[in-house]
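One letter stands for each residue in the lines below.
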Amino acid sequence: MRIRSVEPFILHIPVTGGSIADSTHQVSHWGVVGCRIETEDGLSGYGYAGTHAHLPSDRLITACIRDCYAPLLIGEDANEISRLWLKLLRYPPLQWVGRAGITHLALAAVDVALWDLKAKKAGVPLWHLLGGASKPRLEAYNTDIGWLSIPKDQLVEGCRRAVEQDGFHRIKVKVGHADPGIDIGRLEAVRRAVGPHVSLAIDGNGKWDLPTCKRFCARAEPLDIFWFEEPLWYDDVGSHAELARATSIPVALGEQLYTLDAFRAFVQAGALHWVQPDVTRLAGITETIQVMDLALAHRLPVAPHAGEMSQVHVHLAYWHEATPVLEYIPWIKDAFLEPANVKDGHFLRPEQPGASSEPSPAAFRQFSRPLSD
């Protein structure tokens, strides 16, 4: 399965409702930025990173794929994923200028495409290629009903509808107002609406400092919060560890961590309870599996962050035993040949060969953006 070509692409897909915001970000489109790898025998594999659809920075990712990684891949055997991953990860010029960020997002796209190819070559879905499903069903938690930009009354109604009509037993609500009391009021209203038996997680997107988080958690504990995601600045191991010791609310994080070593530092410090790797921030499926195994070795549960909007993670979550739940954000699912669909609060198991990472021809026609001016 020799590699014949590596072709980058950029898709910008509108988000639900036109625009959303959390405590630190506002987006109107989601970026699907990656590549198609074609082999000499005619197979094509697709991989991508998730971005905020900022064309200049998206082009940095595709330029890295086209100008740095593609020359190292042409003519190589696509079956040898581990060797190729290490070749790109440790290529001295790129290792010198970046072991995270742009280079990692580009490598994530390449690695996912290679795994997609391998599963397609075998004629099976990725979860089957990896060894089979470890669970009969995979529970979803709904994030799309909980954005900070949603007014309180609409937030409450959306959460109630997700539970009563759509069958979700787990939801997540964003927090991070300048006045944390506003967030307490929103959470109290949601808890009253959905009742005591629904898992209610929250996500601060790194907004608050440690004193604010401690005061907030003291007020939020009676609401039975399932986890507090990214309460503090993403790289602050010490403050996360102190918060984890100070509150009964479990700490979750990982979407902004780019390496296995970064996760290891948080785990060793006792700074988190839920591990949240993102296949598009780590260097693809290969490194995500390493992080999942790290979590399992420490008996910590995994709940992947769906920067790829669950397309690839649904395979990894069905397969890996440490992963009981997966995030559901439906913005881009219908742009793929096999969408990451949820029914009665559970992800449907993918059945098509590959990693569910191939955009549809219609998505390419409708959402493609130019790689250069």
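Further up the page is the structure itself.
Just so we're clear, the structure is a prediction, and the values are computed from it rather than from any experiment.

Engineer: Provide a residue-level description of the overall build of the protein chain, including the pertinent values.
Structural biologist: Tallying secondary structure elements over the protein chain gives 13 helices and 14 strands in all. Radius of gyration (C-alpha) of the protein chain: 20 Å, near the 21 Å computed for a compact globule of 373 residues. Each principal axis of the C-alpha atoms in the protein chain carries an extent, and together these give about 60 × 45 × 40 Å. Within the protein chain, buried positions represent 61% of all 373 residues. Taking the contacts inside the protein chain whose residues are at least 6 apart along the sequence as the reference set, 72% of them involve residues at least 24 apart. Of the side chains in the protein chain, 36 bear a positive and 44 a negative charge, and the two mean positions are spaced by 1 Å.

Engineer: Quick one: what's the story with the side chain of S357, residue by residue and with numbers?
Structural biologist: With respect to the secondary-structure elements, S357 resides in the loop between strand 14 (346–347) and helix 13 (361–367). A polar contact of 2.5 Å, which involves the side chain of S357, links it to the backbone oxygen of Y46. Dropping the residues within four chain positions of it, S357 is found in contact with Y46, Y48, V112, D116, V312 and F336.

Engineer: Account for the nonpolar core, naming residues and giving values.
Structural biologist: Judged by nonpolar contacts, the single largest core of 121 residues is most densely connected at F216 and W331. Element by element, the count of residues in this core is highest for helix 4 (residues 102–122), at 10 residues. Residues in contact with W331, not counting those within four places in the same chain, are I13, P14, V15, T16, I20, V27, W30, D144, W147 and M309. Membership of the second largest hydrophobic core comes to seven residues, among which are Y141, A201, A252 and V325.

Engineer: Run through the environment of L187, naming residues and quoting values.
Structural biologist: When you line up the elements, L187 lands in helix 7 (residues 180–194). In this structure the C-alpha to C-alpha distance between L187 and Y91, which are 96 residues apart in sequence, comes to 48 Å. Not counting chain neighbours up to four residues away, the residues in contact with L187 comprise V173, V175, L200, I202, F216 and L223.

Engineer: Describe the packing of helix 7 against helix 8 (residues 210–220), naming the residues involved and giving the relevant values.
Structural biologist: Closest axis-to-axis distance for the helix 7/helix 8 pair is 10 Å, and the angle between their directions is 25°. Classified by the interaxial angle, the pair formed by helix 7 and helix 8 is roughly parallel. The crossing of helix 7 and helix 8 is right-handed. Contacts from P180, G181, D183, I184 and L187 in helix 7 reach T212, F216, R219 and A220 in helix 8. The residue inventory of the contact of helix 7 with helix 8, partitioned by class, reads five nonpolar, two polar and two charged.

Engineer: Give a description of the pattern of salt bridges that names residues and reports values.
Structural biologist: In the structure shown here, the tally under the stated rule is 22 salt bridges. Residues K172 and E229 are paired through a salt bridge, measuring 2.9 Å at the closest nitrogen-oxygen approach. Here the residue K172 occupies a position in strand 7 (residues 170–174), and E229 occupies one in strand 9 (residues 225–229), the gap between them amounting to 57 residues. Of the charged contacts in the structure, one is a salt bridge between E351 and R349, with a shortest N-O distance of 3.3 Å. For R349, a relative accessible area of 36% gives the class partly exposed.

Engineer: Report on the packing of helix 1 (residues 55–73) against helix 2 (residues 81–89), specifying residues and quantitative values.
Structural biologist: Interhelical geometry of helix 1 versus helix 2 gives an angle of 140° and a closest axis separation of 11 Å. On the basis of their axis angle, the class for helix 1 and helix 2 is oblique. For the crossing formed where helix 1 meets helix 2, the hand is right-handed. Residue-level inspection shows Y69, L72 and L73 of helix 1 in contact with helix 2, the latter providing L84, K87 and L88. In the contact of helix 1 with helix 2, the residues fall into five nonpolar, no polar and one charged.

Engineer: Can you break down the sheet that holds strand 5 (residues 44–51) residue by residue, with the values?
Structural biologist: The strand order across the open sheet built from three strands is 1-4-5, with neighbouring strands paired in antiparallel fashion. Two strands bound the open sheet, and with one partner strand each, they are strand 1 (3–14) and strand 5. For this sheet the average axis-to-axis angle between neighbouring strands, irrespective of direction, equals 20°. Taken strand by strand, helix 1 contacts strand 1, strand 4 (29–39) and strand 5, and its axis lies near 170° from that of strand 1. Its contacts with the sheet place helix 4 against strand 1, strand 4 and strand 5, and it is angled at close to 145° to strand 5.

Engineer: Can you explain the pairing of strand 9? Please cite residues and give values.
Structural biologist: Each regular strand carries side chains that alternate between the two faces of the sheet. Of all five residues that make up strand 9, four are buried, and the element is covered over most of its length. Strand direction decides the pairing type here: strand 8 (residues 199–203) and strand 9, joined by three bridges, are parallel. Opposite D203, over in strand 9, you have E229 as the bridge partner. As paired elements, strand 9 and strand 10 (residues 251–253) share two bridges and run parallel to each other. Looking across to strand 10, one finds that E229 is bridged to A252. Taken together, strand 9, helix 9 (residues 237–246) and strand 10 constitute a β-α-β crossover, and its handedness is right-handed.

Engineer: Let's hear about unusual backbone geometry: which residues, and what values?
Structural biologist: Not every positive phi belongs to a glycine, and N205 is a case in point at roughly 50°. Mapped onto the secondary structure, N205 falls in the loop between strand 8 and helix 8. Even without being glycine, D344 reaches a positive phi, approximately 50°. Mapped onto the fold, D344 is located in the loop between strand 13 (342–343) and strand 14. Given a relative accessible area of 49%, D344 falls into the partly exposed group.

What counts, and where the lines are drawn
- Residues numbered from 1 in each chain as written.
- Predicted model: local features only at pLDDT ≥ 70, side-chain atom pairs only at ≥ 80, totals over all residues.
- Heavy atoms only, no water.
- Helix = DSSP H or I, 4+ residues; strand = E, 2+ residues; numbered from the N terminus.
- Rg over C-alpha atoms; globule rule 2.2 N^0.38 Å.
- Buried < 20%, exposed > 50% of the residue type's maximum accessible area, 1.4 Å probe, protein only.
- Contact = heavy atoms within 4.5 Å.
- Lys, Arg positive; Asp, Glu negative; His and termini not counted.
- Charge placed at Lys NZ, Arg CZ, Asp CG, Glu CD.
- Polar contact = N/O pair within 3.5 Å; in protein donor to acceptor, adjacent residues only side chain to side chain.
- Core = buried A, V, L, I, M, F, W, Y, C linked by side-chain atoms within 4.5 Å.
- Axes fitted to C-alpha atoms, helices over the stretch in contact; angles between N-to-C directions.
- Parallel < 35°, antiparallel > 145°, perpendicular 65-115°, else oblique.
- Left-handed = near helix turned anticlockwise from the far one by under 90°.
- Nonpolar A, V, L, I, M, F, W, Y, C, P; charged D, E, K, R; others polar.
- Salt bridge = Lys/Arg side-chain N within 4 Å of Asp/Glu carboxyl O.
- Pairing = 2+ DSSP bridges.
- Right-handed = clockwise from strand over helix to strand, strands pointing away.

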